[in-house]
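# Breakdown of the fold
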Amino acid sequence: MTVSARGFWLLRGCLGRMPALGRSAVSPLEAPGAAGRAIRGFRGSGVRHDAVIISGTEMAKQIQKEIQQGVVSWISLGNRRPHLSIILVGDNPASHTYVRKKIKAATAVGIYSEIILKPKDVSQEELLDITDQLNMDPRVSGILVQLPLPDHVDERTVCNTVAPEKDVDGFHIINIGRLCLDQHSLIPATASAVWEIIKRTGIETFGKNVVVAGRSKNVGMPIAMLLHTDGEHERPGGTSCLNGKPQGNLSMECLSFMKTGSSCEMNTFASLGALSLCSRRGLRSLHRNGCSRWCNMMSGDATVTIAHRYTPKEQLKIHTLLADVIIVAAGIPKLITSDMVKEGAAVIDVGINYVLDPVTGKTKLVGDVDFEAVKKKASFITPVPGGVGPMTVAMLLKNTLLAAKKAIY
C-alpha cells in the first residue's frame, strides 16, 4: 500500500502531535514538505544515513504534559489529588538519585508524593507493616518500593504485599499474571516505557521479529509479554484516560484521511466504522484488505525471542540479525555491536552501566549497545542516557494517575 505525504500528515494530526524525537532527528511522520526525506533512516536520494535518535527526554515531557492535564481534569471533578508513597530503604546512592527524580517529576505534574525512608537494617516485618498501612490509607493512590532491598529482605514478599490496585511498579504477582494473560493491568514502568516508545515512534511490530536480550522478571519478561500479546484479546497496554478522554481512538474522519493516496477501497473503512486502536480485529480487517501499513499503528503481535546470560554470543548474533526490533536489557556494555544488527532494524537500549571514560578518566553512563557504530545501521535507536530512563519515570506517573482513577481495578 502506498501512502501519500498528505495521508501521513493528516493521520499524524488525527492521532495528536508526535513529540520531538531528538534535536538532530527527523520525525518518521514528517511534515508534507519533508515527507520521504527521513522515513526509517533513509533519505529520498536513496543514500543511507544514521538512525533516527529517539529522545526519551522529549517524549517524556510530552507524556508528562498529558498526565498533568489528566490530574487537573481529575481534581476539577472533585476528586482527591493523586498521592504516591515511595518506600526507600538504606543509603544506596543510585536508589536515592532515582527517587529524587521521581519525586521531582511527580511534583511537576501535580501528583503529591512522599518518601518513607528506612535504615538498611530495617526488618522485613516492619516493611510489611508499612505497606499494609499504606494499602488501607484512602489518601494513597500508589505505592512504590524502591529496589533493590537489602539481602535480608525478600523483595518478592514485599512486592506482593502491596495492594495490586496501588502497585504502580506493576510487580505484584496479580499484575504480572494479568499482563501475561493479555488482560488490563498496571504494567511495570520500564516495560511500559519501551511499549510507549514503540507506539509513539511508529515502529512496526505486527508480524515482525523481535529479540529481547535479558529475561529479568521486572524488565525483560514483561517487555516480551507486551510485544507478543495477542491482539484478539484484551490489550494490557490499551486505551487509558489521562485527561478525561480515551487516548488513541481512531475516528471515521481519520480513517477517511488514511484512505488518501492509498489503494484501500472505501467500503473497507465504511465497514469498520469508528475504529479503536485498541482493537486489533479492526486493524486485521484493514490488513486483509491490503492496508497492512495501518496494522502497524498498535504494538504487539510480534514473534519474540528472549535471550539471556547463557545464550552464546554466536547464537545471540544469529537471532539479532533476523530481528526487526532489538531490545537490550542485559546490563552488559556493548553487548550489541554493529555486526549483530541488520540494516534498518530498530534498537531500544534499556541497559544501565557505569564505565570509566578513557578520555576524561571519569565514570560515565552507557547502555548495552555500541551506540556510535549501531546507529549507522539502525533505523531508530535510543540513547543512554536520555532514552528509556526518562520514559520509565513518566510511565510510573501514568500508573499513579491510573491507580488514582481506579482505571484498572
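Presented here is a report on the structure given in the accompanying data block. Source: prediction; values computed, not measured. (Residues numbered from 1 in each chain as written. Predicted model: local features only at pLDDT ≥ 70, side-chain atom pairs only at ≥ 80, totals over all residues. Heavy atoms only, no water.)

Another point: helix H8 (residues 220-227). By the criterion of burial, H8 is predominantly enclosed, with eight of the eight residues buried. Within the span of H8, buried status applies to Gly220, Met221, Pro222, Ile223, Ala224, Met225, Leu226 and Leu227. Structurally, H8 contributes buried residues whose contacts are with helix H6 (173-180), helix H7 (189-201), strand E5 (209-213), strand E8 (303-307) and strand E9 (325-328). (Buried < 20%, exposed > 50% of the residue type's maximum accessible area, 1.4 Å probe, protein only. Helix = DSSP H or I, 4+ residues; strand = E, 2+ residues; numbered from the N terminus. Contact = heavy atoms within 4.5 Å.)

So, about the layout of surface pockets. What the largest pocket holds in volume is close to 1500 Å³. Forming the walls of the largest pocket are 46 residues, and the residues nearest its centre are Tyr98, Thr190, Ile352, Gly389 and Thr392. Counting residues per element, the lining of the largest pocket draws most heavily on helix H3 (residues 93-109), at eight residues. Here the lining of the largest pocket is composed, by residue class, of 25 nonpolar, 15 polar and six charged. (1 Å grid on protein atoms, 1.4 Å probe; cavity = no way out; pocket = protein on both sides within 12 Å on 5 of 7 lines; lining within 4 Å. Points joined across faces, edges and corners; volume = space filled by probe spheres on them. Nonpolar A, V, L, I, M, F, W, Y, C, P; charged D, E, K, R; others polar.)

Let's shift gears to the sheet that holds strand E2 (residues 83-89). Across the sheet, which stays open at both edges, the three strands sit in the order E3-E2-E4 with parallel pairing between neighbours. Whereas interior strands pair on both sides, the edge strands pair on one side only; in this sheet they are strand E3 (112-118) and strand E4 (142-145). Across the sheet, the mean angle separating the axes of adjacent strands is 15° when strand polarity is ignored. Of the pairings in the sheet, the one linking E2 to E3 comprises seven bridges and is parallel in character. From the neighbouring strand, Ile86 faces E3, where its bridge partner is Ile115. Each of E2, E3 and E4 touches helix H4 (residues 124-136); the most contacted strand, E2, lies at about 180° to it. (Pairing = 2+ DSSP bridges. Axes fitted to C-alpha atoms, helices over the stretch in contact; angles between N-to-C directions.)

With that settled, the discussion passes to the environment of Ser216. Tracing the sequence through the fold places Ser216 in the loop between E5 and H8. The sequence separation of Ser216 and His308 amounts to 92 residues, and the corresponding C-alpha distance is 8.8 Å.

Moving on: the pairing of strand E11 (residues 353-356). With four bridges joining them, E11 and strand E12 (residues 363-366) adopt antiparallel strand pairing. Note on E12: the bridge partner recorded for Leu356 is Thr363. In this antiparallel pair of consecutive strands, E11 and E12, the connection spans six residues, and Gly361 shows a positive phi of 75°.

Read these as geometric descriptors, not functional statements.
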